[in-house]
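Architecture at a glance
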Amino acid sequence: MPETLLSLRGVTKNFAEVEALKRIDLEIHSGEIVGLVGSNGAGKTTLLRLMAGVYTPSNGRVELSNGRPVEEMRQELGVVPESTGLYSRLTAWENIRYHSRMHGVSDSVSWARTEKFAEHLDMKDNLSRHTKGFSRGMRQKTALLRALAHGPNILLLDEPTAGLDITSARTVRALVRQLRDEGGTVIYSTHQLAEAQQVCDRIVIIHNGEIRADGSPGELLSSTGTENLEEAYVSLTLDQARPRQEEADKEGALSSWWRRLFTPRTPVSTREVNEDE
Amino acid sequence: MSEGSGRRIRAIAKKEVVEFARDWRTIIAIIVIPLLMFPLLFILFPVLLESEAAELDALELNVVIQSEDFPLNLLENITAVSLSTSFEALPNVSSLSEPGNDLERVRNGSTDALLRFDSQNETWSYAILHLSTSERSNEARYRLLTTLSEWEDSEVRERITASGLDVNETLDPLRWDGDIAQGDVATSGEQAGMVLSLFIPLVLAIWTYSSAIQPSIDMTAGERERGTLEALLCLPCTRIELLMGKWVAVATITGIGVVLQICGLLFAIGYLASSSFIGLPKLSIASVGLIVLSILLFAVMVVAFELALAMRSHSVKEAGSILAPALMLILFPALFTQVINLDGIEGFWFAIPVVNILLALRELLMNRVITEHVLIWVVSSVVYASLAAYYASRQFSREDIVTSLS
């Protein structure tokens, strides 16, 4: 039985009145790639942020194998958020070095690891460039290098291939599999089933803040009695998907009222359309 | 604070300063503008004023003189100051100041000014019609007034002499004996402190706040908007370390700006005025130490407050529209503080936020260390700085700062 690296026990996350995640129980084992699959607003990013210790659970616990809360052990993690979060006025290497220093890793160790992975990702020549002009693929690869440079035990990737061209997406997926082969653990959020099936050892389907299924692709097919993962996914998520929950509490009451005051009513028929508006 | 914590704070601060300095617009805003603002204002502005004044002096202006019996020596004086004259009879008006039928020609500029001059036995009455919104007309009036004043002075002297009196004894019976400057027992250092206390606190307060706006927004709402904050929050640093790192960076950038601006200001004053106008204030070690403490406490409060407000904002635009008008919270107290009389000042003034530090700086620049005042402003400033830092830490601990509009 592989070692449990990260566990979520009865985790609930509320944003104001909205329950974004409902009693999540999940264990992440050493050496596996776990795919978090769900539609937009399902709760994947919220779950990843809980695992990264950015969010605190409303109820339940997120802890590492040693029983310590994850927010105290972030040096164990390497995170690539959906937005990549690169500083455009720094070079790729400076971005990587900054995060490594924050992890307490020396520049020489960080450089050695960066150089190794940069070869795989064909990024070595770009390390000295400012990230301002980087394509989406280069940004994603740099963020991946940054997450790997300090030698994390667990890698959290939020939609790592979103917006990437085919070649870049293949390179990223290949690197993820290589990391797993070298004993690393990866949590891989995506809304593409085919990608999850291609990359992940285990797929966790999240819908409306709940885990609807958790298992290998074969186990999901047999438990749902379907012939492919798409059918399995549809059968597990028949209820209508909700909108993104974090958006709900973004605007204050006064701001919301003021905005509505200057927003014309949307017409319900052609007759109501005001051409002069 | 642990060694790791200090290392992370340094790493954050260093990265923020480096990233900020790589934008050339920032260098212009933080270094070039503060350094050159006062020299340009104090040196170029007088040059511009002088050139405009010279242009006005060179103008040949037209005046109409309405008089039945105009003194010849006065006319010579008037033509000597580049005024072309034409004579007319006095109109029938109730008083010389009433424009009557001459209103329109003064308004439409056909004459730059109109002098009415009437003799009554041994005295004269006069009035000048002019258009105060016209520079030519104002200049013509000024030249006429100056000439009339000189002529009057000469008439007075002639009459005194004709009466057998001494002109100087009659006109100036009370005189200052010796050098006026010698009567001031304040030392040059104290005088310098007095002069500096009138503007250094004001510059310090306004520039500290305004130059911290841009970096505060860039390092908080800017990060949030660009989506870089989430990656940062996933790192093994606490929110307090993050706040402290960013505070150090903003305070460094702001400090450089404020120091450069004060250097520029002192240079401009030194260039503009003679060296005796302003010198170095003579300050005790206690005064210098307390000045540094007051600036530090003020910086802690202002920068923490700005970081907190900016971190509350979802976007750069939102943060800008909150922080820019909030300058009033500094500007009004700073202006009020300039007119508060320091002699016999009540202690409560030293407990009012912003006002307390500015008054303290004024006192200290005049080398006045009054224990009661120092105690009040130190305690109240520590409280306000702590409240601002606490408020900032609350904002940095909010979960929703991870969400980005982008």
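**A short note on the domain arrangement of chain B**
- Splitting chain B by domain gives domain 1 (3-44 + 187-402) and domain 2 (57-165).
- For domain 1 of chain B and domain 2 of chain B, the distance between their C-alpha centroids amounts to 56 Å.

**Quick word on the nonpolar core**
- With 111 residues, the main nonpolar core has Leu-6, Leu-47, Met-51, Leu-156 and Ile-187 of chain A together with Trp-377 of chain B as its most contacted residues.
- It is helix α11 (residues 285-312) of chain B that contributes the most residues to this core, 13 residues altogether.
- Filtering out sequence-adjacent residues up to four positions away, Ile-187 of chain A remains in contact with Leu-6, Ile-28, Val-34, Leu-36, Leu-48, Met-51, Ile-154, Leu-155, Leu-156 and Leu-157 of chain A.
- Ranked by size, the runner-up nonpolar core spans 40 residues in total, among them Trp-93, Phe-117, Leu-144 and Val-186 of chain A.

**Things to note about the packing of helix α3 (residues 107-121) of chain A against helix α5 (residues 166-181) of chain A**
Residues and elements named next belong to chain A.
- It is at 9 Å that the axes of α3 and α5 come closest, and there the two elements cross at 135°. Between α3 and α5, the angle is such that the two are oblique. Contacts between α3 and α5 pair Phe-117, His-120 and Leu-121 from the former with Thr-171, Leu-175, Gln-178 and Leu-179 from the latter.
- Classifying every residue of the contact of α3 with α5 by side-chain character gives 4 nonpolar, 3 polar and no charged.

**With respect to the sheet that holds strand β7 (residues 185-190) of chain A**
All names here are of chain A.
- If you trace the 6 strands from one edge of the open sheet to the other, you get β5-β6-β7-β3-β8-β9, paired in mixed fashion. Only two strands of the sheet have a single partner each, and these edge strands are β5 (77-80) and β9 (210-215). On average, adjacent strands in this sheet sit at an angle of 15° to one another, irrespective of strand direction.
- Helix α4 (residues 136-148) rests against β5 and β6 (154-158) of the sheet, and its axis sits at about 170° to β5.
- Relative to the sheet, helix α7 (residues 217-224) contacts β8 (202-207) and β9, its axis offset from that of β9 by approximately 115°.

**Here we look at the interface of chain A and chain B**
- Counting residues at the interface gives 30 residues for chain A and 30 residues for chain B.
- Summed over both partners, the interface of chain A with chain B comes to about 2,900 Å²; 56% of that surface belongs to carbon and sulfur atoms.
- On inspection of chain A and its partner chain B, the count reaches 5 salt bridges.
- For Asp-23 of chain B, the salt bridge goes to Arg-89 of chain A, with nearest N and O atoms at 3.9 Å.
- Taken together, the links from chain A to chain B amount to 13 residue pairs in polar contact (both at pLDDT 80 or more).
- A total of 5 residues in the side of chain A that touches chain B trace back to one element, the largest contributor, which is helix α2 (residues 92-102) of chain A.
- Split into classes, the residues belonging to the side of chain A that touches chain B amount to 10 nonpolar, 11 polar and 9 charged.

**Section: the pairing of strand β1 (residues 4-15) of chain A**
Residue and element names in this part refer to chain A.
- The buried fraction of β1 is high, at 9 of 12 residues.
- Where β1 and strand β2 (residues 18-29) come together, 8 bridges link them in antiparallel fashion. Bridge pairing in β2 links Leu-8 to Leu-26.
- Counting the residues in the hairpin turn of β1 and β2 gives 2 residues, including Ala-16, whose phi is positive at 55°.
- Relative to strand β4 (residues 59-64), β1 runs antiparallel, the two being bridged by 5 bridges. Along β4, the bridge assignment pairs Leu-8 with Val-62.

**A short note on a nonpolar patch on the surface**
Residues and elements named next belong to chain B.
- Side chains of Trp-24, Ile-27, Ile-28, Ile-31, Val-32, Ile-33, Leu-35, Leu-36, Met-37, Leu-40, Leu-44 and Ile-256 sit close together on the surface and give an oily, nonpolar patch of about 970 Å² of accessible area.
- In terms of residue count, helix α2 (residues 24-57) provides more of the nonpolar patch than any other element does, 11 residues in total.
- Position of Ile-33 relative to the elements: it lies in helix α2.
- Classification of Ile-33 as partly exposed rests on a relative accessible area of 38%.

**Structural notes on the side chain of His-373 of chain B**
- With respect to the element layout, His-373 of chain B can be found in helix α15 (residues 371-396).
- When residues no more than four places from it in sequence are discounted, the contact partners of His-373 of chain B are Ile-345, Phe-350 and Glu-363 of chain B.

**Some thoughts on the sheet that holds β2 of chain A**
Residue and element names in this part refer to chain A.
- Spatial ordering of the open sheet is given by β2-β1-β4, a layout of 3 strands whose pairing is antiparallel. The open sheet has two edge strands, β2 and β4, and neither has a second partner. For this sheet, the mean angle separating the axes of adjacent strands, direction not counted, is 15°.
- On top of the sheet, helix α1 (residues 44-51) reaches β1, β2 and β4; it is set at about 60° to β2, its chief contact.

**A closer look at the environment of Ile-285 of chain B**
- Structurally, Ile-285 of chain B is set in helix α11.
- Ile-285 of chain B sits 82 residues away from Asn-367 of chain B along the chain, and the two C-alpha atoms are 9.6 Å apart.

**Things to note about the pairing of strand β2 (residues 83-88) of chain B**
Residue and element names in this part refer to chain B.
- Direction of pairing for strand β1 (residues 61-67) relative to β2: parallel, over a ladder of 6 bridges. Along β2, the bridge assignment pairs Asn-62 with Ser-84.
- Considered for its hand, the β-α-β crossover made up of β1, helix α3 (residues 72-79) and β2 is right-handed.

**Some remarks on the pattern of salt bridges**
- For the coordinates displayed, the defined rule picks out 36 salt bridges over all chains.
- For Lys-246 of chain B, the salt bridge is made with Glu-223 of chain B, and the minimal N-O distance between the two is 2.6 Å. Of the two residues, Lys-246 of chain B is situated in helix α10 (residues 239-272) and Glu-223 of chain B in helix α8 (residues 221-226); the sequence distance between them amounts to 23 residues. Each of the two residues, Lys-246 of chain B as well as Glu-223 of chain B, counts as buried.
- A network of salt bridges, in which partner residues are shared, links Arg-89 of chain A together with Asp-23, Arg-25, Asp-218 and Arg-226 of chain B.

**Examining unusual backbone geometry**
- One non-glycine residue, Arg-23 of chain A, lies in the positive phi region at around 35°.
- Tracing the sequence through the fold places Arg-23 of chain A in strand β2.
- For Ser-82 of chain B, which is not glycine, the phi torsion reads 60° and is therefore positive.
- Considering the arrangement of structural elements, one finds Ser-82 of chain B in the loop between α3 and β2.
- Assessed through its relative accessible area of 25%, Ser-82 of chain B is described here as partly exposed.

Cut-off values and rules
- Residues numbered from 1 in each chain as written.
- Chains lettered and ligands numbered in written order.
- Predicted model: local features only at pLDDT ≥ 70, side-chain atom pairs only at ≥ 80, totals over all residues.
- Heavy atoms only, no water.
- Domains from an automatic or database assignment.
- Core = buried A, V, L, I, M, F, W, Y, C linked by side-chain atoms within 4.5 Å.
- Buried < 20%, exposed > 50% of the residue type's maximum accessible area, 1.4 Å probe, protein only.
- Helix = DSSP H or I, 4+ residues; strand = E, 2+ residues; numbered from the N terminus.
- Contact = heavy atoms within 4.5 Å.
- Axes fitted to C-alpha atoms, helices over the stretch in contact; angles between N-to-C directions.
- Parallel < 35°, antiparallel > 145°, perpendicular 65-115°, else oblique.
- Nonpolar A, V, L, I, M, F, W, Y, C, P; charged D, E, K, R; others polar.
- Pairing = 2+ DSSP bridges.
- Buried area = accessible area lost by both parts, 1.4 Å probe.
- Salt bridge = Lys/Arg side-chain N within 4 Å of Asp/Glu carboxyl O.
- Polar contact = N/O pair within 3.5 Å; in protein donor to acceptor, adjacent residues only side chain to side chain.
- Patch = residues over 30% accessible without salt bridge, like charges linked within 9 Å, V, L, I, M, F, W, Y side chains within 5 Å.
- Areas by Shrake-Rupley, 256 points an atom, 1.4 Å probe, with all protein chains shown as cover.
- Right-handed = clockwise from strand over helix to strand, strands pointing away.

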